[in-house]
Structures are given as C-alpha cells and as structure tokens.
Amino acid sequence: VYSGRLRLHGEQHQKTLLAASNYAATLLHLKRFEEGRTLLRKTIPVAEKVLGESNDTTLRMKSNYAVALYRDAGAALDDLREAVTMLEETEPTARRVFGGAHPTTTEIEQCLRESRAAIRAREGTPPGNARP
C-alpha cells in the first residue's frame with residue numbers, strides 16, 4: 001500500500017504518510033526493527049512538515065520510531081536513550097493536543113515506561129532508584 005501511495009501521490013501527501021506509518025507499525029510487529037527505523041527516519045521529517053508536529057500520525061510515527069529503538073534486542077545504550085528522549089519530547093505534545101486519556105497519549109506513556117525500564121535493565125539500576 002505504501003509504495004502504491006508513494007507512486008500515486010508522492011511522499012508529501014497525507015495518505016502516503018498514513019500508509020508509511022501503518023507500514024512501519026507492521027514492520028515493528030514483525031520485529032523488523034531496522035527496516036522500521038529506516039522508513040521512519042525518512043518519513044518523520046516529512047510528516048512534521050506536511051501534517052505538523054501535533055498531528056496524530058506524526059506523534060504515532062515518533063512513538064513507533066522509539067519502539068523500533070528500544071525493543072530491538074541489539075539496541076545500544078545510546079539507542080535506548082534516544083528512544084526515551086524522543087518519547088519525553090513527544091508525550092507533552094500528545095497530552096496537550098489530545099488529553100491524558102487519548103489512546104495515542106496513553107500509548108506514548110506506556111512506551112516511555114518501557115523504554116526507561118530497558119535502560120534500567122541495561123544499566124543494572126533497581127527500579128526504585130530510577131526516574132519514573
């Protein structure tokens with residue numbers, strides 16, 4: 001679907017960006033993290049420009065990029081930190097735009113907890129001694 005939308009509409013069309021977001025989510029579900037990261041690195045800046053930084057698709061792309069970083073078993077500590085930073089920057093926007101109960105906001109919060117836990121596990125920090 002994504003490649004068809006890309007040919008039909010170009011990379012800066014809303015439908016192409018939604019298809020890219022869905023394709024990336026599918027890649028992550030299949031644990032094809034590197035492919036997902038590559039796609040999202042390319043499409044997130046376009047989504048920010050075309051859809052805006054507060055758009056649901058843009059926010060989900062950023063969240064999925066973080067997932068592609070912290071759920072990859074081969075992730076370096078810097079990758080885990082990048083995931084946390086991206087989620088920390090994305091969560092307030094989601095909360096402001098959608099509210100705390102919105103599925104996008106709660107998903108980002110869950111990913112933030114998981115990514116912080118991944119860092120703690122890697123560093124060997126007990127959960128009670130780390131940031132929430």
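Going by the structure above, here's the rest.
The numbers attached to residues start from 1 for each chain and follow its sequence in the written order. At least 70 in pLDDT is required for a residue's local features to be given in this predicted model, at least 80 for side-chain atom pairs to be given and counted, and no such filter applies to totals for whole chains, interfaces and linings, which use all residues. By convention in this description, side-chain values take in all heavy atoms of the structure and omit both hydrogens and water.

Quick look at the packing of helix α5 (residues 77-98) against helix α6 (residues 103-123)
Between two packed helices, what matters for the description is the angle formed by their axes and the separation of those axes. Relative to each other, α5 and α6 sit at 155°, their axes nearing to 9 Å. It follows from the interaxial angle that α5 and α6 lie roughly antiparallel. Crossing of α5 against α6: the hand is left-handed. Across the interface between the two elements, L77, L80, R81, A83, V84, L87, E88, T90, E91, A94, R95 and F98 from α5 touch T105, I108, E109, C111, L112, S115, R116, A118, I119, R122 and E123 from α6. Residue composition of the contact of α5 with α6, grouped by class: twelve nonpolar, three polar and eight charged. In this analysis an axis means a line fitted to C-alpha atoms, helices contributing only their contacting stretch, and an angle means the value between N-to-C directions, from 0 to 180 degrees. Here a strand is any run of E in DSSP of at least two residues, a helix any run of H or I of at least four, and the numbering for each starts at the N terminus. Orientation is classified from the angle alone, with under 35 degrees giving roughly parallel, over 145 giving roughly antiparallel, 65 to 115 giving roughly perpendicular, and any other angle giving oblique. What makes a crossing left-handed is the near helix being turned counterclockwise from the far one by less than a right angle; a clockwise turn instead makes it right-handed. Should any heavy atoms of two residues lie within 4.5 Å, those residues are counted as being in contact. Note on residue categories: nonpolar means Ala, Val, Leu, Ile, Met, Phe, Trp, Tyr, Cys or Pro, charged means Asp, Glu, Lys or Arg, and polar means any other residue, Gly included.

Quick look at the pattern of salt bridges
The working definition used for a salt bridge is a side-chain nitrogen of Lys or Arg within 4 Å of a carboxyl oxygen of Asp or Glu. Summed over all chains, the structure comprises eleven salt bridges. Ionic contacts of the salt-bridge type, sharing partners, join the residues E34, R37 and D72 into one network.

Looking at the side chain of T58
Considering the arrangement of structural elements, one finds T58 in helix α4 (residues 56-70). Ignoring any residue separated from it by four or fewer positions in sequence, one finds T58 in contact with A47, E48, L51, G52 and E53.

Observations concerning the nonpolar core
Grouped together as the largest cluster of nonpolar side chains are 32 residues, with contacts concentrated most on L40, M61, Y65, Y70 and L87. Among the secondary structure elements, those contributing two or more residues to this core are α2 (14-29), α3 (33-50), α4, α5 and α6. The dominant element in this core, judged by the number of residues it contributes, is α4, at eight residues. Ignoring any residue separated from it by four or fewer positions in sequence, one finds L87 in contact with S63, A66, Y70, I108, C111, L112 and S115. As used in this record, nonpolar core signifies buried Ala, Val, Leu, Ile, Met, Phe, Trp, Tyr and Cys residues forming a set joined through side-chain atoms within 4.5 Å. For each residue, the accessible area found with a 1.4 Å probe, counting protein chains only, is set against the maximum for its type, and the residue is called buried under 20%, exposed over 50%, and partly exposed in between.

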